[in-house]
Amino acid sequence: MLPAMIAFIGTYAPADQNGIFVCSLDMSTGELRQISAVRGVGNPSFLAVHPDGRHLYAVAEIGDFNNQQTGGVAAFAIDPESAALEFVNAQPSGGRGPCHISIHPNGRYAFAANYGGGSVSILPINEDGSLGPPSDFVQHAGSSVNPNRQQAPHAHSINIHPNGRFAYAADLGLDKILIYSINLEYGKIPPNDPPYAETRPGAGPRHFAFRPDGAFAYVINELDSTLNAFRVDAESGALALLQTIDTVPSGFDGTNYTAEVRVAPNGRFVYGSNRGHNSVAVYRIDDEKGTVQLVEHESTRGDTPRNFGIDPTGQFLIAANQNSDDLYSFRIDPQTGELTPTGSSLNIPKPVCVQFLQLSD
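Thresholds, definitions, all that
- Residues numbered from 1 in each chain as written.
- Predicted model: local features only at pLDDT ≥ 70, side-chain atom pairs only at ≥ 80, totals over all residues.
- Heavy atoms only, no water.
- Helix = DSSP H or I, 4+ residues; strand = E, 2+ residues; numbered from the N terminus.
- Rg over C-alpha atoms; globule rule 2.2 N^0.38 Å.
- Buried < 20%, exposed > 50% of the residue type's maximum accessible area, 1.4 Å probe, protein only.
- Contact = heavy atoms within 4.5 Å.
- Areas by Shrake-Rupley, 256 points an atom, 1.4 Å probe, with all protein chains shown as cover.
- Lys, Arg positive; Asp, Glu negative; His and termini not counted.
- Charge placed at Lys NZ, Arg CZ, Asp CG, Glu CD.
- Phe/Tyr/Trp six-rings, centres within 6.5 Å; stacked < 30°, edge-to-face > 60°.
- Pairing = 2+ DSSP bridges.
- Axes fitted to C-alpha atoms, helices over the stretch in contact; angles between N-to-C directions.

1. Considering the overall build of the chain
Secondary structure assignment for the chain yields 0 helices and 28 strands. For the chain, whose C-alpha radius of gyration is 19 Å, the value lies close to the compact-globule estimate of 21 Å for 361 residues. By its C-alpha atoms, the chain is 45 × 45 × 35 Å across when sized along the principal axes. The buried share of the chain, reckoned over its 361 residues, is 58%. Nonlocal contacts in the chain, meaning residues at least 24 apart in sequence, comprise 50% of its contacts between residues at least 6 apart. Of the roughly 13900 Å² of accessible surface on the chain, 46% is carried by carbon and sulfur atoms. Computing the positive centroid from 22 side-chain charges and the negative centroid from 37, the chain places the two 3 Å apart.

Written as structure tokens, this is what we have:
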């Protein structure tokens, strides 16, 4: 019998080695256990589960896909009896080094952000879950103030508004969140009006998360270790900056780069990971204003938490420590948002992404 909650773990691994791991999450204890693993594409670093729960999609974070100067996007079928993954097909992502993927709420399209190529693309999802070639591709252009990291565009994520009308691409190289309208009939992503929102120069926006109701959004900035709160206009797609807050304690003077940002399913808390400080910063959301207040910093018990996931019920957070090859689980206090280690950990090489599939209540 399958457990109630499955966690899929994306990693950095060559195509001839297991790269995506299927794990169970015990909803009473927070214990993680590996069930199976699959190979198929190189560096399946970031994952997304289809809304129907029957397919998983992964980027191939590489620069040479089928002898093309591009990365790839792969589809996997999820076995309903075992949750094991079976490779279905793969398509080019349109640019080098894709590092993020998301699925439209209607399940008809996948969206990829190409970090190395500085571009985004949209790929149709067929009725059998397989991917078609990109139906649209947008090359970003420009630069910003950091001479080492911002001499060119670097699209780091692409997220879809809950209403399905807009796509938001955080570009680390441009200090912008580019906004696209979504044409569902033709699978196109023309620039929105307004076409972008800006972070402060040198911030390096990386990942983006909506509050479940879509009224507010949160951007974590890799280069200056800050979090932005934005108000979202659901009709125009516009973002209005409300707040910028640090992700590391005021006394911390080491090197730090942020990574993931997530909003709790109950919409009350925001979580962001710090690589260097090796922690998750926890913030409380003001329900009316959308601004945040720091609650705590919790150690991830490992090195370089590139990513973490929050299960759909909001009970557990799983932190993926890339450089110490481990994952740790934490129980979430539903009233305060605070994290408490469960004592459970799991060793997986170079974990990069955690995505969940809830199989039963």
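2. What to know about the packing of aromatic side chains
For the coordinates displayed, the defined rule picks out 4 aromatic pairs. Consider the rings of Y168 and F210, whose centres lie 5.4 Å apart with planes at 75°: the pair is edge-to-face. One end of the pair, Y168, is in strand β13 (residues 166-171); the other, F210, is in strand β16 (residues 205-210), with 42 residues separating them in the sequence. Considering the side-chain rings of F208 and F210, the 5.0 Å spacing of their centres and the 75° angle between planes classify their relative orientation as edge-to-face. Exposure remark for F208: the relative accessible area of 4% places this residue in the buried category.

3. Quick word on unusual backbone geometry
Of the consecutive residues D193 and P194, the connecting peptide bond is found in the cis state with omega at 10°. You can see P194 is positioned in strand β15 (residues 191-198). Positioned with a positive phi, N66 is a non-glycine residue whose angle comes to about 50°. Mapping N66 onto the fold places it in the loop between β5 (55-60) and β6 (72-78). Its identity as a non-glycine residue notwithstanding, T304 has a phi of 70°, on the positive side.

4. What about the sheet that holds strand β22 (residues 279-285)?
With respect to topology, 4 strands assemble into an open sheet ordered β20-β21-β22-β23, the strand pairing being antiparallel. Looking at which strands have only one partner, the edges of the open sheet turn out to be β20 (257-263) and β23 (292-299). Mean inter-strand twist for the sheet, computed between neighbouring axes without regard to direction, equals 20°. Pairing between strand β21 (residues 269-275) and β22: 6 bridges, direction antiparallel. Each residue of the ladder has a partner; that of N274, found in β22, is S279.

5. Concerning the pairing of strand β10 (residues 119-124)
Most of β10 sits out of view: 5 of its 6 residues are buried. When strand β9 (residues 109-114) meets β10, the two strands line up antiparallel, connected through 6 bridges. By the bridge assignment for β10, A112 is matched with S121. Counting the residues in the hairpin turn of β9 and β10 gives 4 residues, including G118, whose phi is positive at 65°. Where β10 meets strand β11 (residues 136-139), 4 bridges bridge the pair, whose relative direction is antiparallel. Of the residues in β11, the one forming a bridge with S121 is F137.

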